[in-house]
Each structure stands twice: as C-alpha cells, then as structure tokens.
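Listed below are the residues making up each chain.
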Amino acid sequence: MKPLLIILFILPASLFAEEWTPPENPDPQTILNEAQSDALAKRYEIALAKHIWFHKNATKLQPAMIGVRLSFALSYWHDLGKVYPPAIERLKETRDQASKNVLNGKQLTDSFHDFVSINRTLGENAQTVDTFILLDMQNKKSAKKVYHMARRALIKGKEYKLCGKYLDPKQSFPLTIKQYTENKKMAKNPQLGKDFINIANLMFKNEVTTLIALLVVNDRKKEANEIAVSAKMEWDNPDFHAAIDKALEGNVPTPWP
C-alpha cells in the first residue's frame with residue numbers, strides 16, 4: 001500500500017466530514033428548519049453545527065425568538081442527541097458553561113435562563129436545584145434575581161424552605177392578579193376560544209395555591225390567609241376555593257404546566 005493511502009486510511013473520518021458555515025444574512029428560523037431536515041437525512045454533524053449556531057446567534061439577530069430558542073430548538077437538539085450522542089455531549093457542555101457563568105455572575109439572568117431550560121429539556125432538574133443552592137450560599141442578591149426561574153425545579157425537589165427565603169407576596173400576588181385580569185380581558189376575543197380562558201384559569205389556580213402553600217410551610221400562615229381571601233373574591237369557583245383550602249393545609253401543588 002502506498003504511503004499516502006496508508007495515511008489517509010488511519011486519519012479519523014471526522015477530518016473528512018462535511019463542514020457548515022452560516023450564509024450571509026442568515027435567517028435563524030430557516031437554519032433551525034434546516035437542522036431538522038439535516039437530522040432526518042442523517043447529516044448529523046451539520047445538524048449539530050446548525051443547532052449550536054442557532055443557540056448562540058438566534059436572539060442576537062431576532063430577539064423575539066427567545067421563546068423558540070429555549071423550547072422547540074432545545075427539544076430538536078435533544079432529539080438529535082438520541083441518534084447522535086455528540087449532540088447530547090455538546091448540549092451538556094453548553095449547560096455546564098451556563099452554570100459557570102451563573103456562579104461567576106456573568107450575564108446572570110440570561111445564563112440562568114439557558115441553564116434551567118437545558119436542564120428541563122434533559123430531564124435533569126436536580127442540576128438546577130444544586131446550582132441554585134450554591135448561588136444562595138454565595139450571593140443571595142443574585143439568587144433573588146433568578147429565583148422565579150428556579151422555583152419550578154425547587155418545588156419538584158421539595159426545597160420548600162429554600163423557596164421561603166425568596167417569597168415576596170406583596171410583590172408577586174398583585175402581579176398574578178394583574179396577569180389574570182388581562183388574560184380574562186383577552187379571553188373575550190372569540191378568536192382565542194375557550195381554551196385560552198381555561199389555560200388562564202389553570203395558571204392562576206397554580207400560581208395562587210403554590211404561593212399560599214409555600215407561605216404555610218414557611219410559618220407565614222397570616223399572609224397565606226390574607227391571600228386566600230383575596231383570591232377567592234377574584235374567582236368565585238368551587239374547585240378553585242377547594243384547592244385554596246388544600247393549600248392552606250400546606251399541600252404544595254405540582255408545578256403547572
């Protein structure tokens with residue numbers, strides 16, 4: 001065998017993999033769609049490159065894509081990882097870097113949002129809990145800023161006392177009422193249909209009962225009772241009132257959705 005052929009034979013196949021570079025004036029949605037098509041066509045390395053590019057650049061070009069970036073896009077990336085393990089490795093590396101950024105105070109809110117969203121996608125919410133516990137010990141001011149993003153994982157992890165350190169019902173409950181009022185107004189639009197008001201009701205129910213129950217388990221029963229009375233006046237519904245009564249017994253509901 002000739003020397004050149006021997007060298008080519010022993011070189012790793014990854015050196016010959018097709019490379020991808022973003023086009024001029026890239027459109028994030030187009031690239032995300034292409035990543036899905038590439039995955040279906042088994043062009044896994046190219047699909048991964050596009051997912052990484054999308055995660056790093058989508059909101060820089062189109063800020064409105066923040067929701068897609070941290071939901072559907074991560075889900076597609078995770079799906080790619082089921083058939084192409086390096087994609088999971090890169091997703092976890094991205095998650096771990098976000099955690100480091102959080103603990104170092106680098107782009108705190110954005111980094112924590114990325115961190116929580118990736119953990120939720122991977123089904124590793126315990127990572128969110130562990131990092132928030134460290135943040136709570138190191139910098140309570142920073143922890144307070146991101147508590148609302150960690151709350152879901154903390155509740156699932158039954159870290160009720162830790163939640164209690166960051167409860168601020170005088171601020172959060174009026175905001176919950178305001179959002180619910182706005183949702184009820186929007187629900188009057190016939191184009192939104194009944195599903196919209198059903199979702200608004202479920203969201204309001206979960207927010208209110210969660211706050212009440214967390215206050216109760218943190219020995220703040222007086223505040224819990226005050227919120228319970230106000231909430232029942234806001235929505236006269238037997239099931240809602242029963243859920244509030246249950247929360248007043250210290251039963252923390254499962255996060256929704």
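Residues numbered from 1 in each chain as written. Predicted model: local features only at pLDDT ≥ 70, side-chain atom pairs only at ≥ 80, totals over all residues. Heavy atoms only, no water.

Draft legend 1. Broad picture of the overall build of the protein. Looking only at helices and strands, the protein has 14 helices and 0 strands in total. Shown N-terminal to C-terminal, the secondary structure of the protein runs as helices and strands in the order α-α-α-α-α-α-α-α-α-α-α-α-α-α. C-alpha extents for the protein along the principal axes are approximately 85 × 50 × 30 Å. Out of the 257 residues in the protein, the part that is buried amounts to 39%. A fraction of 63% describes how many contacts in the protein between residues 6 or more apart in sequence connect residues 24 or more apart. Surface summary for the protein: the accessible area is close to 15300 Å², and the carbon and sulfur share equals 55%. A gap of 3 Å separates the mean positions of the 36 positive and 29 negative side-chain charges of the protein. (Helix = DSSP H or I, 4+ residues; strand = E, 2+ residues; numbered from the N terminus. Buried < 20%, exposed > 50% of the residue type's maximum accessible area, 1.4 Å probe, protein only. Contact = heavy atoms within 4.5 Å. Areas by Shrake-Rupley, 256 points an atom, 1.4 Å probe, with all protein chains shown as cover. Lys, Arg positive; Asp, Glu negative; His and termini not counted. Charge placed at Lys NZ, Arg CZ, Asp CG, Glu CD.)

Draft legend 2. Structural detail: the packing of helix 7 (residues 108-122) against helix 8 (residues 125-138). Taken N-terminus to C-terminus, the directions of helix 7 and helix 8 make an angle of 150°; their axes are 7 Å apart at the nearest point. Compared by their axis directions, helix 7 and helix 8 come out roughly antiparallel. Facing Leu 108, Phe 112, Phe 115, Val 116, Asn 119 and Arg 120 of helix 7, the residues of helix 8 in contact are Asn 125, Gln 127, Thr 128, Thr 131, Phe 132 and Leu 135. Class assignment for the residues of the contact of helix 7 with helix 8 results in 6 nonpolar, 5 polar and 1 charged. (Axes fitted to C-alpha atoms, helices over the stretch in contact; angles between N-to-C directions. Parallel < 35°, antiparallel > 145°, perpendicular 65-115°, else oblique. Nonpolar A, V, L, I, M, F, W, Y, C, P; charged D, E, K, R; others polar.)

Draft legend 3. Highlighting the side chain of Ser 99. On the secondary structure map, Ser 99 appears in helix 6 (residues 85-103). Polar contacts involving the side chain of Ser 99 include one to the side chain of Thr 131, which spans 3.3 Å. Residue contacts for Ser 99: discarding those within four places in its chain leaves Phe 115 and Thr 131. (Polar contact = N/O pair within 3.5 Å; in protein donor to acceptor, adjacent residues only side chain to side chain.)

Draft legend 4. Highlighting the layout of surface pockets. If you add up the space inside the largest pocket, you get close to 1100 Å³. Around the largest pocket, the lining comprises 33 residues; the ones closest to its centre are His 148, Met 149, Arg 151, Ser 172 and Glu 207. Elements with a contribution of two residues or more to the lining of the largest pocket: helix 7, helix 9 (140-156), helix 11 (169-187) and helix 12 (193-217). Considering each element in turn, the lining of the largest pocket owes the most residues, 9 residues, to helix 12. Residue composition of the lining of the largest pocket, by class: 17 nonpolar, 10 polar and 6 charged. There is about 570 Å³ of room inside the second largest pocket. Lining the second largest pocket are 19 residues, and of these His 55, Lys 56, Arg 69, Gln 107 and Asp 114 lie nearest its centre. Listing elements by their share of the lining of the second largest pocket, those giving two or more residues are helix 3 (44-61), helix 4 (66-69), helix 6 and helix 7. Taken together, the residues that form the lining of the second largest pocket break down as 4 nonpolar, 8 polar and 7 charged. (1 Å grid on protein atoms, 1.4 Å probe; cavity = no way out; pocket = protein on both sides within 12 Å on 5 of 7 lines; lining within 4 Å. Points joined across faces, edges and corners; volume = space filled by probe spheres on them.)

Draft legend 5. Fine view of the packing of helix 11 against helix 13 (residues 221-234). Where helix 11 meets helix 13, the closest approach of the two axes is 12 Å, and the angle between their N-to-C directions is 10°. Classified by the angle between their axes, helix 11 and helix 13 sit roughly parallel to one another. In contact with Pro 169, Phe 173, Ile 177, Tyr 180, Thr 181 and Lys 184 of helix 11, helix 13 contributes Glu 223, Ile 227, Ser 230, Ala 231 and Glu 234.

Draft legend 6. Geometry of empty space enclosed by the protein. A complete count under the given rule lists 1 cavity of 30 Å³ or more for this structure. Its volume calculated, the largest cavity comes out at about 40 Å³. Val 116, Arg 120, Asn 125, Met 149, Arg 152 and Ala 153 together form the lining of the largest cavity. In terms of residue count, helix 9 provides more of the lining of the largest cavity than any other element does, 3 residues in total. Each residue belonging to the lining of the largest cavity can be placed in one class, and the counts come to 3 nonpolar, 1 polar and 2 charged.

Draft legend 7. Local environment of the pattern of salt bridges. In the structure shown here, the tally under the stated rule is 14 salt bridges. Linking Glu 93 and Arg 90 is a salt bridge whose minimum nitrogen-to-oxygen distance equals 3.3 Å. With a gap of 3 residues between them, Glu 93 and Arg 90 both fall in helix 6, about one helical turn apart. Classification of Glu 93 by relative accessible area gives partly exposed; the value is 46%. Glu 207 is paired through a salt bridge with Arg 151; the nearest N and O atoms lie 2.8 Å apart. (Salt bridge = Lys/Arg side-chain N within 4 Å of Asp/Glu carboxyl O.)

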